[in-house]
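# Structural characterization, general
Here are the chains, one letter per residue:
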Amino acid sequence: MDRRNLLRAGVVGGAAAAFSGALWKEAFAAPAQPGPGPYGALQAADANGIMLPSGFTSRVIARTGQTVPGTSYTWHSAPDGGACFADGSGWIYVSNSEVSSGGASAVRFNSGGTVTGAYRILSGTSTNCAGGHTPWNTWLSCEETTTGRVWETDPWGVNAAVARPAMGRFKHEAAACDPVNHVIYLTEDQSDGCFYRFIPNTWGNLSAGTLQVAKGGTGTALTLTWATVPDPDGSPTATRNQVSGVKRFNGGEGCWYDNGIIYFTTKGDNRVWAYNTATAFIELAYDDSLVSGTAPLTGVDNITGSATSGDLYVAEDGGNMEICVITPDDVIAPFLRITGQGSSEITGPAFNPAGNRFYFSSQRGTSGSSSGGITYEVTGPFRS
């Protein structure tokens, strides 16, 4: 049984069907290792400088400082975390801006993938890095500052964005919603950062709730416990230092929920973690120091997944500017590589609702500056 099916077996029907810790450990007895990817070798770079498997094509959706083609809207600087939302027969892609003026923007597509609009959905914030998609179709945009906040935004740009201080003030990176247990998991981009969860008083309303922090030892396979953070405001004592015995994570980055498992990345040690929400057991899904031979994935950063295939897609901040795919049978391989942009990083990977179009950005593009960001779309024979 592969990873996806084994993990699904532990959460089908909710927590009542949770499997034992011993069985869970079998899922990641060996973290992902290099092997042939599901789409074959990367081909020569295309006109956009992107190396893709045979059958896949890329196009540029937007460039920082330029109007989004087909609209009058100027795209923001340093595009970062992103997500897609269904919009009738079309969809919307939202993207954060990781500069001091922050904020987030959106691009709307019709059913054929043609851009029909672009607009601002968040302003007046700072260093908006990653975030997360909620089941009630809002975008949680996270500020990566010492007392950063989570902002709940409307992808359609109709409702005003709202700060959610109950979710804690710290160097936020990403968020992932668990729709079964009604919990939101949060990562912290600090070298001695923590892993958090927010339990709203009412699911769908993030104005009030309980912020908790994970506790555990220094190992890489263990059961976590959770403690309430006394002062989510994080001042004068940072949230990560308010509870004794917390488990430290070296630079929390992207976060993704799939079938009862929270996958999140830590850039400081090039790891992908898998946390079972039913058993509270955490294990490594990938660690570049445990790879046999040359590690295909370094500079581990943003993460997303395919809802149909169970594949995970992990973007690099560093490395050789690749997005790597981790398959359900724990094989890791490059899915794409951006050439000629070695001073940039890949951000905001996300699939459209149908799973046949894939979006991401090169935060600093060919210039190496926040004013050089480029947002792309890839289409091709994505597997189901």
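Residues numbered from 1 in each chain as written. Predicted model: local features only at pLDDT ≥ 70, side-chain atom pairs only at ≥ 80, totals over all residues. Heavy atoms only, no water.

An unreviewed UniProt entry lists the chain under the name DUF839 domain-containing protein, with Catellatospora bangladeshensis as the source organism.

## Let's talk about the overall build of the chain
A tally of helices and strands in the chain yields two helices and 28 strands. Relative to a compact globule of 384 residues, whose C-alpha radius of gyration would be 21 Å, the chain shows 19 Å and is just as compact. Dimensions of the chain along its principal axes, counting C-alpha atoms only, are 50 × 45 × 35 Å. Looking at the chain alone, contacts between residues at least 24 apart form 50% of all its contacts between residues at least 6 apart. Here the chain has roughly 13,300 Å² of accessible surface; of this, 48% comes from carbon and sulfur atoms. Of the charged side chains in the chain, 23 are positive and 32 negative, and the gap between their average positions amounts to 3 Å. (Helix = DSSP H or I, 4+ residues; strand = E, 2+ residues; numbered from the N terminus. Rg over C-alpha atoms; globule rule 2.2 N^0.38 Å. Contact = heavy atoms within 4.5 Å. Areas by Shrake-Rupley, 256 points an atom, 1.4 Å probe, with all protein chains shown as cover. Lys, Arg positive; Asp, Glu negative; His and termini not counted. Charge placed at Lys NZ, Arg CZ, Asp CG, Glu CD.)

## Quick notes on the confidence of the model for the chain
When the pLDDT values of the chain are averaged, the result is 93; 92% of them are 70 or greater. Across residues 6–29, confidence stays below pLDDT 50; counting only partners more than four residues off in sequence or on other chains, it has 47 contacts. (pLDDT = per-residue confidence, 0-100.)

## Concerning the pattern of salt bridges
In total, this model carries 15 salt bridges according to the counting rule given. Salt-bridge contacts for R108 lead to D87; the nearest nitrogen and oxygen are separated by 3.0 Å. You can see R108 sitting in strand β6 (residues 104–109) and its partner D87 sitting in strand β4 (residues 79–87), a full 21 residues away along the chain. Relative accessible area serves as the criterion here: at 23%, R108 is assigned to the partly exposed category. Judged by its relative accessible area of 21%, D87 is partly exposed. Here D317 ties to K267 by a salt bridge, and the two come within 3.0 Å at their closest N and O atoms. Linking D317 in the loop between β23 (312–316) and β24 (322–326) with K267 in the loop between β19 (261–266) and β20 (271–276), this pair joins segments that are 50 residues apart in sequence. In this structure D317 comes out as buried when scored by relative accessible area, which is 18%. Residues participating in the shared-partner salt-bridge network are E253, K267, D301 and D317. (Salt bridge = Lys/Arg side-chain N within 4 Å of Asp/Glu carboxyl O. Buried < 20%, exposed > 50% of the residue type's maximum accessible area, 1.4 Å probe, protein only.)

## A few points about the side chain of S141
With respect to the helices, strands and loops of the structure, S141 is situated in strand β9 (residues 139–143). Here S141 falls in the buried class, since its relative accessible area comes to 0%. Side chain to side chain, S141 and N128 meet in a polar contact 2.9 Å long. Among all residues touching S141, those that are not within four sequence positions of it are N96, L122, N128, A130, R149, V150, W151 and T153. (Polar contact = N/O pair within 3.5 Å; in protein donor to acceptor, adjacent residues only side chain to side chain.)

## Focus on the environment of P79
The residue P79 is located in strand β4 in this model. Relative accessible area serves as the criterion here: at 0%, P79 is assigned to the buried category. Residues P79 and W226, spaced 147 residues apart in sequence, show a C-alpha to C-alpha distance of 33 Å. Not counting residues up to four positions away in its chain, the partners in contact with P79 are T64, S95, N96, T347, S361, S362, Q363, G373, I374 and T375.

## A short note on unusual backbone geometry
Between S235 and the following residue, P236, the backbone shows a cis peptide bond with an omega angle of 5 degrees. Among the secondary structure elements, P236 is positioned in the loop between β17 (225–228) and β18 (252–258). Of note in this structure, H182 is not a glycine but carries a positive phi near 60 degrees. Within the secondary structure, H182 sits in the loop between β12 (172–178) and β13 (183–188). The class for H182 is partly exposed, based on a relative accessible area of 35%. You will see that D330, though not glycine, has its phi angle at about 65 degrees, which is positive. Within the secondary structure, D330 is located in the loop between β24 and β25 (331–338).

## Overview of the sheet that holds strand β16 (residues 222–223)
Read from one edge of the open sheet, five strands run β16-β21-β20-β19-β18, paired in antiparallel fashion. Each having just a single partner strand, β16 and β18 make up the two edges of the open sheet. Sheet topology places β19 next to β20; six bridges connect them, and they run antiparallel. Counted as the bridge partner of I261 is N276 from β20. (Pairing = 2+ DSSP bridges.)

## Observations regarding the environment of E253
If you trace the backbone, E253 turns up in strand β18. Residues in contact with E253, not counting those within four places in the same chain, are E173, A174, T187, D189, T265, K267, V300 and D301.

## Points about the sheet that holds β9
Sheet strands line up and pair through hydrogen bonds in the backbone, either parallel or antiparallel. Within the open sheet, the four strands sit side by side as β8-β9-β10-β11. Their pairing is antiparallel. Across the chains shown, the open sheet's two edge strands, defined by having one partner strand only, are β8 (128–133) and β11 (162–163). Of the strand pairs in this sheet, β8 and β9 are connected by four bridges, and their pairing is antiparallel. Bridging from a neighbouring strand, G132 pairs with L140 of β9.

## Observations regarding the pairing of β25
Among the eight residues in β25, six count as buried, and that is most of the element. Summarising the sheet, strand β1 (residues 33–34) and β25 pair through two bridges and their orientation is parallel. From the neighbouring strand, Q33 faces β25, where its bridge partner is V331. With two bridges joining them, strand β2 (residues 50–51) and β25 adopt antiparallel strand pairing. Bridge pairing links I50 to I338 in β25.

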